[in-house]
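Descriptive structure summary
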Amino acid sequence: MVEKIRKKELFGNVEIEGIYRETRRPAPQADKKAKEGKEENWDGLEEKSLEGAGHGFCSPFNQRTYLAEDGILCEQDVPVTLRDGIIIYTDIYRPVGQTGIPAIVAWSYFGKRPGDGFDEWQIIGVPPGTVSRMAKFEAPDPAYWCRHGYAVANVDPRGVGHSQGNVNMFGTQDGRDGYDFIEWIATQHWCNGKVGMGGNSGVAMTQWRIAAEQPPHLACIAPWEGTGDLYRESLYEGGIPALGFNDFIVGSLTGTGYVDDTAAMAMEHPFLDAYWEDKIPKWRNIRIPVSTTVCWNHFHLRGSIEGFRRIRSTKKWLRAHREFEWPDTFGTSGILDLKLFYDRYLKDIRNGWELTPRVRLEVMDAYEYDFQTNRAEREFPLARTQYRKLYVDAAKGALSLVPVTVESKISYEAEEGSTTFDIQFEEDTEITGFMKLRLWVDAVGNDDMDLFIAIRKLDEQGNWLPVNVLGEPHPGAWGKMRVSRRELDEKLSTDFQPVQAHRRDQKLKPGEIVPVDIEIWPHSRIWHKGQQLRVLVSGHYIREGWFEPFSWELNNKGRHVIHSGGKYDSYLQVPVIPPRYRAGDYVYR
């Protein structure tokens, strides 16, 4: 039985009793071989497991300075004292004999030397040998950056590994700790006083929080694929509790103390309160240069887009792509792109980075095929967007370009059923940006409904045309909604992006028909003439074989009913992007 403790803490001006869970204790080195039982030419690309990622592995405490690789010095388990006296530990990799160099900080909770637990890294979608064992999970690789004149600091934050204290997951305390570390490393004898941050996923999420504290020596950040609003985007997306994945993350962490148990807190604090607000980055405080990326098909999507839109930096860049974050992060083009960014803002090399388009988009087509790659744009959402409503016709299972006048309804079994609405495009149609789905609904046999939405592409014969991620079909652009959480936050919501308030439940009365506005996370895809768009509505998540352990605590029973036509103006609003230029049959997008 895992021990849990409680302690009262201040979040803003509100005192809340936090729940902390005992971390896993540091263990001996794992006896694993990445290629055990594999063919000699095994490339690792078919592996779909987090086991090989070294999640939470903690090496024995061993303070030393040694040559990690030819020309790369490692200062291991270096102590750093934070403002409240807590001591944390870092491994610093730097090129031998060089001074006046910048530092790249990798800050996350998954252990600073996970490679010690394996003979070979297993990063999904990345061939073995691509990333050295010096690298922190999802972070810049010292084997590359040190050979290009940078130091890399892999940090075990408060409570992680052998660092003192208890882990604070993505809160203000963690941001302040990062501030202290950055100011410390900037004063080291070899450092030029410029510090950057880098990494994807969890290593990106911490960057938003630390940068918001405005450490003076933090010169730039590169949060590639980082969730922003932990409550809205992860634990209660659409208001549906999704505690399993977060419980997995919390349970994987290793240390000598306790960890902020976000899954347990989600059960005791099911509404958006001061505890959860403390985990939303203070976007307006971020004014330094930022390079961020986003995968159209993963759960960090909304956070990266929101970060790009809401930070106040005048020097910010966004690149959106189809493929999963890890092959994108460690691929040649991504690394070279990041080097230009770091060279400009950490070394003051005038390399023309400022001419990089502020927004670069991959417009997806089908499978591994992208319609356009790195298309240059000036902003997101795009200024030339034309929003169109596709009206639901429940009787026909269709979408219409004109309002439907005749009222009708359709229902499906709440737990395992689904329904669809289709429209065929008469010309090539690009959809890029935010979609919104308005549905008039009621529940038969229950006082609530959990809705899972997928926007899909079909060919001319009605066959599904998915995009592939790590070689597997992705369900499509998505949104979720627990109907009792339908109330919107008026300050955050716009016509194209409804944002739920999450301050109370509004249960359904028997026979009550209500409208819900469902946020569909951003998307970019082309539909060719004759292809079809499908809205899939279901009471459960439809996806097979994916490696991440997603789960939801659902409240579905009886039947879900969708109403359309007349006073029930159910519709999908889509962001249509017109061509930039036409000349006869020639179209330039």
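The subject of this paragraph is the overall build of the protein chain. On a plain count of helices and strands, the protein chain comes out with 10 helices and 29 strands. Relative to its length of 589 residues, the protein chain is compact, with a C-alpha radius of gyration of 24 Å against a globular reference of 25 Å. C-alpha atoms of the protein chain, sized along the principal axes, occupy 75 × 60 × 50 Å. When burial is assessed residue by residue, the protein chain has 62% of its 589 residues classed as buried. Counted over contacts in the protein chain with a minimum sequence separation of 6, partners at least 24 positions apart contribute 75%. Total accessible area on the protein chain is roughly 22900 Å²; 48% of this is exposed by carbon and sulfur atoms. Distance from the positive charge centre (73 side chains) to the negative charge centre (85 side chains) of the protein chain: 5 Å.

As a further point, take the pairing of strand E8 (residues 191–200). A regular strand carries its side chains on alternate faces of the sheet. Counting buried positions along E8 gives 8 out of 10 residues, so the element sits mostly inside the fold. In the sheet, strand E6 (residues 101–107) pairs with E8 via 4 bridges, with the strands oriented parallel. Residue pairing in the sheet places Ala103 in a bridge with Val195 of E8. In the sheet, E8 pairs with strand E9 (residues 218–224) via 6 bridges, with the strands oriented parallel. Along E9, the bridge assignment pairs Met197 with Ile221. At this point the chain moves from E8, through helix H3 (residues 202–212), to the parallel E9, and the crossover so formed is right-handed.

The next subject is unusual backbone geometry. Among all residues save glycine, negative phi is the norm, and among peptide bonds the norm is trans. The omega torsion across Phe380 and Pro381 is -5 degrees, close enough to zero to call that bond cis. Within the fold, Pro381 resides in the loop between strand E14 (369–377) and strand E15 (386–393). Not every positive phi belongs to a glycine, and Phe170 is a case in point at roughly 60 degrees. With respect to the secondary-structure elements, Phe170 resides in the loop between strand E7 (151–156) and helix H2 (172–185). Positioned with a positive phi, Ser201 is a non-glycine residue whose angle comes to about 60 degrees. One can find Ser201 in the loop between E8 and H3.

Right, let's talk about the confidence of the model for the protein chain for a bit. Averaged over every residue, the pLDDT of the protein chain is 94; the share at 70 or more is 95%. Across residues 29–38 the pLDDT falls below 50, and counting only partners more than four positions away or on other chains, this stretch makes 16 contacts in the model. A low-confidence stretch, residues 40–45 stays under pLDDT 50, and its non-local contacts, those more than four residues away or across chains, total 11 contacts.

Ranked by internal contacts, the top residues of the largest apolar core, which has 42 residues, are Met169, Trp276 and Trp326. Among the elements of the structure, strand E2 (14–22), helix H4 (230–235), helix H5 (243–252), helix H6 (262–268), helix H7 (274–277) and helix H9 (325–330) are those that each provide at least two residues to this core. If you look at the next biggest cluster of nonpolar residues, it comprises 33 residues, including Ala477, Val483, Val514 and Val516.

On to the environment of Glu17, then. Following the sequence through the fold, Glu17 ends up in strand E2. In this structure, the C-alpha to C-alpha distance between Glu17 and Gly129, residues 112 residues apart in sequence, is 45 Å. Setting aside residues no more than four positions away along its own chain, Glu17 makes contact with Arg6, Lys7, Lys8, Met265 and His269. A polar contact is formed between the side chain of Glu17 and the side chain of Arg6, at a distance of 3.1 Å.

Before going further, it helps to examine the sheet that holds strand E10 (residues 258–260). An order of E1-E2-E10 is seen for the 3 strands of this open sheet, with the pairing classed as antiparallel. Since the sheet does not close on itself, it has two edges, and those belong to strand E1 (4–11) and E10, each with one partner. For this sheet, the mean inter-axis angle between neighbouring strands, taken without regard to orientation, is 40 degrees.

Within H3, 11 of the 11 residues are buried, which leaves it mostly tucked inside the rest of the structure. Three or more residues of H3 are buried, namely Gly202, Val203, Ala204, Met205, Thr206, Gln207, Trp208, Arg209, Ile210, Ala211 and Ala212. Just beyond H3, the residue with positive phi is Gln214, at close to 60 degrees.

Moving on, we come to the environment of Phe110. Along the polypeptide, Phe110 turns up in the loop between E6 and helix H1 (142–145). Among the residues examined, Phe110 registers a relative accessible area of 6% and is labelled buried.

A few words on helix H10 (residues 332–346). Its 15 residues place the ends of H10 20 Å apart at the C-alpha level, agreeing with the 21 Å of an ideal helix rising 1.5 Å per residue. Taken as a whole, H10 has its buried residues at Gly334, Asp337, Leu338, Lys339, Phe341, Tyr342, Asp343, Arg344, Tyr345 and Leu346. Once H10 finishes, Asp348 follows within two positions and takes phi at roughly 60 degrees, a positive value.

What follows covers the side chain of Ser304. One can find Ser304 in helix H8 (residues 301–310). Polar contacts involving the side chain of Ser304 include one to the main-chain amide nitrogen of Gly226, which spans 3.1 Å. Ser304 has contacts with Trp208, Glu225, Gly226, Thr292, Thr293 and Val294, leaving out every residue within four places of it along the chain.

Quick look at the pattern of salt bridges now. Here the structure, examined in full by the defined rule, presents 44 salt bridges. Here Asp422 ties to Arg534 by a salt bridge, and the two come within 2.8 Å at their closest N and O atoms. Of this pair, Asp422 sits in strand E18 (residues 418–424) while Arg534 sits in strand E25 (residues 532–538), and the two are 112 residues apart along the sequence. Using a relative accessible area of 23% as the deciding quantity, one classes Arg534 as partly exposed.

Note on placement: Ser524 falls in strand E24 (residues 514–527). One polar contact links Ser524 to Thr432, side chain to side chain, over a distance of 2.7 Å. Leaving out residues up to four positions away in the same chain, Ser524 has contacts with Trp296, Glu362, Val363, Met364, Glu430, Ile431 and Thr432.

If you walk through the whole model with that rule in mind, you get 44 aromatic pairs. Considering the side-chain rings of Tyr275 and Trp276, the 4.7 Å spacing of their centres and the 80 degrees angle between planes classify their relative orientation as edge-to-face. In terms of burial, Tyr275 and Trp276 fall into one category: buried. A ring pair is formed by Tyr387 and Phe496, whose centres lie 5.9 Å apart and whose planes are at 5 degrees; its orientation type is stacked. With a gap of 109 residues between them, Tyr387 in strand E15 and Phe496 in the loop between strand E23 (477–482) and E24 connect regions that are remote in the sequence. Assessed through its relative accessible area of 16%, Phe496 is described here as buried. Joined through ring pairs, the aromatic side chains of Tyr144, Trp145, Tyr150, Trp317, Phe341, Tyr342, Tyr345 and Trp353 make up one cluster.

Here is what the cut-offs are and how they apply
- Residues numbered from 1 in each chain as written.
- Predicted model: local features only at pLDDT ≥ 70, side-chain atom pairs only at ≥ 80, totals over all residues.
- Heavy atoms only, no water.
- Helix = DSSP H or I, 4+ residues; strand = E, 2+ residues; numbered from the N terminus.
- Rg over C-alpha atoms; globule rule 2.2 N^0.38 Å.
- Buried < 20%, exposed > 50% of the residue type's maximum accessible area, 1.4 Å probe, protein only.
- Contact = heavy atoms within 4.5 Å.
- Areas by Shrake-Rupley, 256 points an atom, 1.4 Å probe, with all protein chains shown as cover.
- Lys, Arg positive; Asp, Glu negative; His and termini not counted.
- Charge placed at Lys NZ, Arg CZ, Asp CG, Glu CD.
- Pairing = 2+ DSSP bridges.
- Right-handed = clockwise from strand over helix to strand, strands pointing away.
- pLDDT = per-residue confidence, 0-100.
- Core = buried A, V, L, I, M, F, W, Y, C linked by side-chain atoms within 4.5 Å.
- Polar contact = N/O pair within 3.5 Å; in protein donor to acceptor, adjacent residues only side chain to side chain.
- Axes fitted to C-alpha atoms, helices over the stretch in contact; angles between N-to-C directions.
- Expected span 1.5 Å × (residues − 1).
- Salt bridge = Lys/Arg side-chain N within 4 Å of Asp/Glu carboxyl O.
- Phe/Tyr/Trp six-rings, centres within 6.5 Å; stacked < 30°, edge-to-face > 60°.

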